[in-house]
Amino acid sequence: MIAVELVKLIRRPRTWVAVGLLCLLPAVVAVFLATTRIAPPPGQGAAFLSAVLQSGSLYPAAALALVLPLFLPIAVAVVAGDAVAGESSQGTLRYLLVRPVRRTSLLVAKLVSVVVFVVGSVVAVAGTSYVVGVSLFGAGDPVAVVRALPEVTGGGDDAVAGTGPAAPAGGGGQVGSSDAASGGQAGATRPGADTGDGAVVADDQAARERAQASVSSLSGEALSPADLAARLLGAMGYVTVSMLGVAAIALFLSTVTASSLGATLGALAALVTSQVLVSLDAAAAVTPYLPTRYWLAWVDFFRDPIFLRDITAGLWLQAGYVVVLMLAAWANFTTKDVTS
Amino acid sequence: MSAGNGTTQRIGARRDPGRLVIETRRLTKRYGAHTAVDDVDLHVAEGARYGFLGPNGSGKTTMVRMLLGLVYATRGEITVLGRPVPSRVAEVLPEIGAMVEGPAAYPHLSGRTNLALLDAAGPRRDRDGRRRRDRVEEVLERVGLGAIDRRPVRAYSLGMRQRLGLAGALLNRPRLLVLDEPTNGLDPHGIREVRDLLLELNAAGTTVFLSSHLLAEIEALCTTVGVVDRGRLVLEDDLDAVRGPTGRLVVRTPDPDAAARVLGSAVAERQDHTLVVEAAPGGPPALARHLVEHGVPLDGLVEQRRSLEDVVVALTGPGSDTSRASRRNGARP
């Protein structure tokens, strides 16, 4: 059944349109950047965008940052939301079930196909943007890039300059709402003030950027190609896992309603709500449990050393969402009347 | 005859049903306050061509879905091919071919690809690479789609989709075919082809369970009929028994007044030149002699037989349209 679902995924034009659009957006941005050489100041715009002018080999990271907030979740919600509801409204669900395909197998196959779509999309975005990045910006020295890593904005991302490397040790025992509290505190620090480390920046432009805006000056080694590749793979894996949470929400809703659109919009509504609450101080009590809370933690793969606390928390959180929602989807789907 | 008396009518003598491939006991399905299927005892004998007849919204489709384990019963038991449904439906379904509420396919794929995917989704023990392609070709050939090209199903006519759905139902060489309105959208030629195909399959031992709101379709194909009205099975019997003689004679005469005078109280109904007369001892010959002796000219004289239509109309009763409309809305929430 899994093979059948994969064939259906591959032979569906929509799949390729979605992947194509996901790859197109970073490419368009890259063309503008390469033509004008006007990068957004660090700390504004998507993470890494200011940095790619020095090294195109980091463009995959910038591309992930571009598609992560909107494009990728939408694509995943569309595919996952359609998984069961689409079959249902099309009438093919009843024919699959009487073929027979057991309901549990069908749900597992759908989940696998959605996971393949997510992995495929992330890989496609990273792959095309690497090619685009290197060909437009050259494969410069990514060390400057890492040093020029902009401060991540948003309510809870607390790895500011200076506290970054120390935080894993100091905050190791802290979980839950204390994270959010320290996040708020850290967010109040003006990161731009802390520029007095020994970062060597070869390029004028990077220096100008550093002077202009918030630059997290993490002390670190130069990134070897292997190291960069490993960090990129880590980031890609983390983004994939983050998207699995979205997929689980949409897939669950897809078993509830017979309308693909309903399931997709429901999942997106959940994400928008989560995004709003994450940035709302009054919602601090629930912030650590919101699905989008640790979405941006993949940036931490490009800190030196890699800042694992949020990444770990994000992985656990997404795993929780996936397990709970898939159990709910299973319980609902295996007991419901198929009347479509 | 009242439709709501809770009992299923058998007009002819209750025959030994033989081995049953479908049996339900007190099967009931409620959607909220609405009862879609109400206390149905269904008996489908092996080798039969069973026509499940009822107007749209009478619970036919819900019934079919329960037999296939798609919808779960509120109450009652179902046995299909000797095994309880839905608890062991997975063992039964590989021996069933089904079409429920019209065909469905992935519109962007060709009919052939659709069938190949459906076939590959089936139980593992059915599959053996090369045979799968043969099987798909075989069923396409059987339903008259052997020459279809690579066009996507999106471009198919309703009749072609219907044939494709039927092909899908034949994939696992079923012992039991459960077909919901299989001739929908077919032209007369196509209807004839499908009917011949079903007769051929039935002759080879496949039991056919066919639901329809079209009386003529069931009358033309089936050996047994079950009539459902507002969720209740109001009649279940062999078609021959249903269409048996009524014990009355139909007299056609150019002088109906004279005939009525001669026959007096034996006339049950009278319409223009036709009189329906209670049969007297001696049957048609005696009546004919009696009329001729009294100078009544005769155009014809035959035994009255029930038509399926008469039986169904009598059983389902008048005035069900308004309530049926509201029930239909509740049938599929």
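Here the residue numbers are simple positions, counted from 1 along each chain's written sequence. Lettering for chains starts from A, numbering for ligands starts from 1, and both go in the order in which the items are written. Predicted model: local features are reported for residues with pLDDT of at least 70 only, side-chain atom pairs are reported and counted for 80 or more only, and whole-chain, interface and lining totals are derived from all residues. Only hydrogens and water are removed before side-chain values are computed, so all heavy atoms of the structure are retained for them.

If you check an unreviewed UniProt entry, chain B appears there as ATP-binding cassette domain-containing protein from Actinomycetospora lemnae. UniProt positions are given in the numbering used here, feature names are shortened, and annotations may be inferred rather than shown by experiment. Under the UniProt heading Sequence similarities (unreviewed entry), the entry covering chain B gives this text: "Belongs to the ABC transporter superfamily."

Chain A appears in an unreviewed UniProt entry as ABC transporter permease from Actinomycetospora lemnae.

Asker: Mind showing me how you'd approach the interface of chain B and chain A here?
Answerer: Bring the parts together and some accessible area is lost; that lost area is often taken as the interface size. Here a residue-residue contact requires only that any non-hydrogen atoms of the pair lie within 4.5 Å. Taken together, the contacts link 36 residues of chain B with 28 residues of chain A. Buried area: the accessible area, evaluated with a 1.4 Å probe, that two parts lose upon being put together, summed over both parts. Surface buried jointly by chain B and chain A totals about 2,700 Å² across both partners, of which 58% is contributed by carbon and sulfur atoms. Of all residues in chain B, B:Leu70, B:Tyr72 and B:Tyr106 bury the most surface against chain A, accounting for 22% of the area lost on that side. When a carboxyl oxygen of Asp or Glu lies within 4 Å of a side-chain nitrogen of Lys or Arg, that pair is called a salt bridge. Remark: the boundary between chain B and chain A carries two salt bridges. Whenever two N or O atoms come within 3.5 Å, that pair is a polar contact, provided that in protein one can donate a hydrogen and the other can accept it, and provided that, for residues adjacent in sequence, both atoms are side-chain atoms. Here chain B and chain A share 17 residue pairs in polar contact (both at pLDDT 80 or more) between them.

Asker: What's the story with the sheet that holds strand β12 (residues 245-252) of chain B in this structure? I'm lost.
Answerer: The pairing of strands in a sheet comes from backbone hydrogen bonds and takes either a parallel or an antiparallel form. All names here are of chain B. Strand order across the open sheet formed by four strands is β13-β14-β12-β15, with antiparallel pairing between neighbours. Each edge of the open sheet is held by one strand with a lone partner, namely β13 (267-271) and β15 (300-305). Between one strand axis and the next, the sheet turns by 25° as a mean value, whatever way the strands run. Packed onto the sheet, helix α9 (residues 256-263) meets β13 and β14 (274-278) and runs at close to 170° relative to β13. At least two DSSP bridges between two strands are needed for those strands to be called paired. Helix numbering and strand numbering both begin at the N terminus, where a helix is a DSSP run of H or I of at least 4 residues and a strand a DSSP run of E of at least 2. Helix axes are fitted to C-alpha atoms over the stretch in contact, other axes to C-alpha atoms as well, and angles between N-to-C directions run from 0 to 180 degrees.

Asker: Looking at this structure, I do not really get the pattern of salt bridges. What am I missing?
Answerer: Oppositely charged side chains are able to pair whenever their charged atoms sit close together. This model, assessed by the stated rule, comprises 32 salt bridges over all chains. Here A:Arg99 ties to B:Asp119 by a salt bridge, and the two come within 3.1 Å at their closest N and O atoms. With A:Arg99 in the loop between α5 (92-98) and α6 (103-137) and B:Asp119 in helix α3 (residues 111-120), this pair bridges two chains. Classification of residues uses two cut-offs on accessible area relative to the type maximum, computed with a 1.4 Å probe and protein chains only: under 20% is buried, over 50% is exposed, and between them is partly exposed. Judged by its relative accessible area of 0%, B:Asp119 falls in the buried class. Note that B:Asp257 is salt-bridged to B:Arg270, the shortest N-O span being 2.3 Å. One end of the pair, B:Asp257, is in helix α9; the other, B:Arg270, is in strand β13, and 13 residues separate them in sequence. For B:Arg270, a relative accessible area of 45% corresponds to the partly exposed category.

Asker: Explanation requested: unusual backbone geometry in the structure shown.
Answerer: If a residue is not glycine, its phi is most likely negative; likewise, a peptide bond is most likely trans. Cis geometry is found at the peptide bond from A:Arg99 to A:Pro100, where omega equals 5°. Inspection of the secondary structure puts A:Pro100 in the loop between α5 and α6. That bond from B:Val85 to B:Pro86 is cis: its omega, 10°, falls within 30 degrees of zero. For B:Leu81, which is not a glycine, the phi torsion comes out positive at approximately 50°. Residue position: B:Leu81 is located in the loop between β5 (75-80) and β6 (83-85). In this structure, B:Arg173 is a non-glycine residue whose phi angle is positive, near 40°. Within the secondary structure layout, B:Arg173 lies in the loop between α5 (158-170) and β8 (176-180). Relative accessible area serves as the criterion here: at 54%, B:Arg173 is assigned to the exposed category.

Asker: What is the right way to look at the UniProt feature "transmembrane region" (unreviewed entry) in chain A in this model?
Answerer: All names here are of chain A. Taking the UniProt record as the reference, the feature "transmembrane region" (unreviewed entry) is found at residues 16-39, 59-85, 106-132, 228-253, 265-291 and 311-333. Here residues 59-85 runs as 89% helix and 0% strand, with 36 Å between its end C-alpha atoms. A helix fraction of 100% and a strand fraction of 0% characterise residues 228-253, whose end C-alpha atoms lie 38 Å from each other.

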